[in-house]
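# Breakdown of the fold
Chain residues, written in single-letter form:
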Amino acid sequence: MISRTLEKTVAESLEKYPIVGLIGARQVGKTTLAKILTKKIDIKSIYLDLERPSDIAKLSEAELYLQNHSQKLVILDEIQRQPELFPLLRSLVDDNQSKGRFLILGSASPELIRKSSESLAGRIIYHELAPFSLMEAGTNENTVQELWLRGGYPSSFLAKTESDSYEWRESFIQTHLERDIPNLGVRISAPALQRFWTMLAHFHGQLWNASKIANSLGVSVTTVKNYLDLMTSTFMVRQLPPFFINIKKRLVKSPKIYLRDSGLLHTLLRIQDQESLLGNPCAGASWEGWVIEQIQNLIPRTWRMFFYRTSAGAEIDLVLQPSASRPLIAIEIKRTLSPKPTRGFLSAIADLEKVQSFFIYPGSEYYPLRTDIKALPVTQLERIPDAP
């Protein structure tokens with residue numbers, strides 16, 4: 001059993017809020033984490049799976065049923081299947097504002113869940129459970145390579161063989177397209193969405209170009225924008241926004257697009273093993289996106305992530321904005337054992353001024369490249385949020 005770093009955070013939130021939301025992609029381990037928590041916290045609990053007819057039947061008189069369990073932590077799994085419960089949850093916690101009354105699990109983002117539900121503002125805190133991170137899985141060289149190749153979904157990462165892992169990911173992609181998306185009430189052709197998803201895999205780490213993708217697929221720009229928002233809302237895609245500063249430079253305005261799980265990216269690109277990955281032209285972009293996800297799992301939830309690029313060629317792969325009182329953090333990500341900041345990176349950090357800078361690479365030694373730039377091994381990413 002791999003311990004999840006989010007476990008402590010969720011447990012603490014249950015002591016502060018009447019409703020805690022645990023969201024994330026399907027099969028990422030939300031139910032497992034919730035059941036582990038029930039064994040560790042000092043409160044009785046009841047678990048309801050809203051995809052199971054017998055549990056749905058228990059909620060035929062939902063208000064009466066939930067009131068009868070008002071002294072327990074009620075776990076509602078796949079909450080997006082029953083958005084009509086949200087107004088009731090709001091009413092129940094307003095009548096009884098005890099902490100830790102409901103733990104809701106969902107396979108869609110809070111925005112998508114709330115689209116057809118009443119806001120629970122002030123009554124709920126959401127936490128996202130991502131696939132296994134490097135800090136959870138381990139930092140030895142074999143684990144790093146395997147996590148990058150297979151991705152972090154538990155069933156993929158823990159599979160006995162590479163072929164078993166690849167087969168699971170193929171099945172996950174089909175199920176997401178043919179079951180999960182329709183279950184959200186979205187009516188989009190599964191083959192059309194798969195073509196779009198595959199095309200995004202080939203554009204991984206590049207600027208979003210709606211017109212180019214729309215022309216390739218033979219659909220409108222509005223359609224591909226809707227596809228992108230849907231894949232973002234279901235945790236498949238990350239849209240990394242550009243960072244803007246008040247300088248007289250022509251800045252890129254489109255987001256960069258990354259598939260969030262490296263294993264799914266490799267499956268869509270038909271990459272089945274480490275040798276094929278290392279020889280593929282996408283290896284550098286794949287590693288960059290994978291590192292960005294590892295950093296996202298480490299930084300505080302209040303931090304924001306961007307990239308920076310000008311038309312003159314100044315570029316930073318990742319800009320972290322901790323707070324108004326702390327300097328920006330500029331990060332260059334390259335899969336090389338001889339880290340050397342590019343001219344574009346040096347130009348970009350000069351634009352931003354007063355930034356802390358890191359060059360993340362797959363080596364093992366932490367050392368200064370210059371007085372203002374540190375070479376940082378990917379296995380030591382925890383140094384980033386602790387940087388003074």
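None of these values were measured; they are calculated from a predicted model.

Turning our attention to unusual backbone geometry. Phi is positive for Glu-78, close to 60°, though the residue is something other than glycine. Of note, Glu-78 is situated in the loop between β3 (73-77) and α5 (85-95). By relative accessible area, Glu-78 is classed as buried at 10%. Positioned with a positive phi, Lys-354 is a non-glycine residue whose angle comes to about 50°.

Further remarks concern the environment of Asp-180. Along the chain, Asp-180 falls in helix α10 (residues 162-183). Taking the C-alpha atoms as reference points, Asp-180 and Trp-290, 110 residues apart in sequence, are found 24 Å from one another. A polar contact of 2.4 Å, which involves the side chain of Asp-180, links it to the side chain of Arg-26.

For the rest of this paragraph, the subject is the packing of helix α11 (residues 190-202) against helix α12 (residues 210-217). Remark: α11 packs on α12, axes separated minimally by 11 Å, with the N-to-C direction vectors making an angle of 135°. Judged on the interaxial angle alone, α12 and α11 are oblique. Between α11 and α12 lies a crossing of right-handed hand. Contacts from Arg-195, Phe-196, Met-199 and Leu-200 of α11 reach α12 at Ile-213, Ser-216 and Leu-217. Residue classes in the contact of α11 with α12 are distributed as 5 nonpolar, 1 polar and 1 charged.

This part is about the pairing of strand β10 (residues 315-321). A regular strand carries its side chains on alternate faces of the sheet. In terms of residue burial, β10 counts as a mostly covered element, since 5 of its 7 residues are buried. Relative to β10, strand β9 (residues 304-309) runs antiparallel, the two sharing 5 bridges. Of the residues in β10, the one forming a bridge with Met-305 is Leu-320. Connecting β9 to the next strand, β10, in antiparallel fashion are 5 residues, including Gly-313 with a positive phi near 105°. Alignment of β10 against strand β11 (residues 329-333), held across 3 bridges, turns out to be antiparallel. Across the sheet, the residue bridging to Val-319 is Ala-330, located in β11.

Our next topic: the sheet that holds strand β12 (residues 356-361). Two modes of strand pairing occur in sheets, parallel and antiparallel, and in both the strands are linked by backbone hydrogen bonds. With mixed pairing, 6 strands are arranged side by side in an open sheet as β9-β10-β11-β12-β14-β13. Among the strands making up the open sheet, the edge pair consists of β9 and β13 (367-370). Recorded for the sheet is a direction-independent mean angle of 30° between the axes of neighbouring strands. In the sheet, β11 pairs with β12 via 5 bridges, with the strands oriented parallel. By the bridge assignment, Ile-331 is partnered in β12 with Phe-358.

What follows deals with the side chain of Ser-133. Tracing the sequence through the fold places Ser-133 in the loop between β5 (124-128) and α7 (134-137). On the basis of relative accessible area, Ser-133 is assigned to the buried category, the value being 5%.

As a further point, take the nonpolar core. With 111 residues, the main nonpolar core has Leu-76, Phe-196, Ile-295, Leu-320, Ile-331, Ile-360 and Ile-384 as its most contacted residues. When residues of this core are assigned to their parent elements, the largest contribution, 8 residues, is made by α11. Excluding anything up to four places from it in sequence, Ile-295 contacts Leu-318, Leu-320, Ile-331, Ile-360, Leu-381 and Ile-384. Counting residues in each nonpolar core, the second largest holds 18 residues, with Val-319, Leu-328, Leu-352 and Phe-359 among its members.

For helix α8 (residues 141-150), the set of buried residues is Thr-143, Val-144, Leu-147, Trp-148, Leu-149 and Arg-150. For α8, the capping residue at the N-terminal end is Asn-140, with a side-chain oxygen 3.1 Å from the backbone nitrogen of Asn-142.

Here is what the cut-offs are and how they apply
- Residues numbered from 1 in each chain as written.
- Predicted model: local features only at pLDDT ≥ 70, side-chain atom pairs only at ≥ 80, totals over all residues.
- Heavy atoms only, no water.
- Helix = DSSP H or I, 4+ residues; strand = E, 2+ residues; numbered from the N terminus.
- Buried < 20%, exposed > 50% of the residue type's maximum accessible area, 1.4 Å probe, protein only.
- Polar contact = N/O pair within 3.5 Å; in protein donor to acceptor, adjacent residues only side chain to side chain.
- Axes fitted to C-alpha atoms, helices over the stretch in contact; angles between N-to-C directions.
- Parallel < 35°, antiparallel > 145°, perpendicular 65-115°, else oblique.
- Left-handed = near helix turned anticlockwise from the far one by under 90°.
- Contact = heavy atoms within 4.5 Å.
- Nonpolar A, V, L, I, M, F, W, Y, C, P; charged D, E, K, R; others polar.
- Pairing = 2+ DSSP bridges.
- Core = buried A, V, L, I, M, F, W, Y, C linked by side-chain atoms within 4.5 Å.

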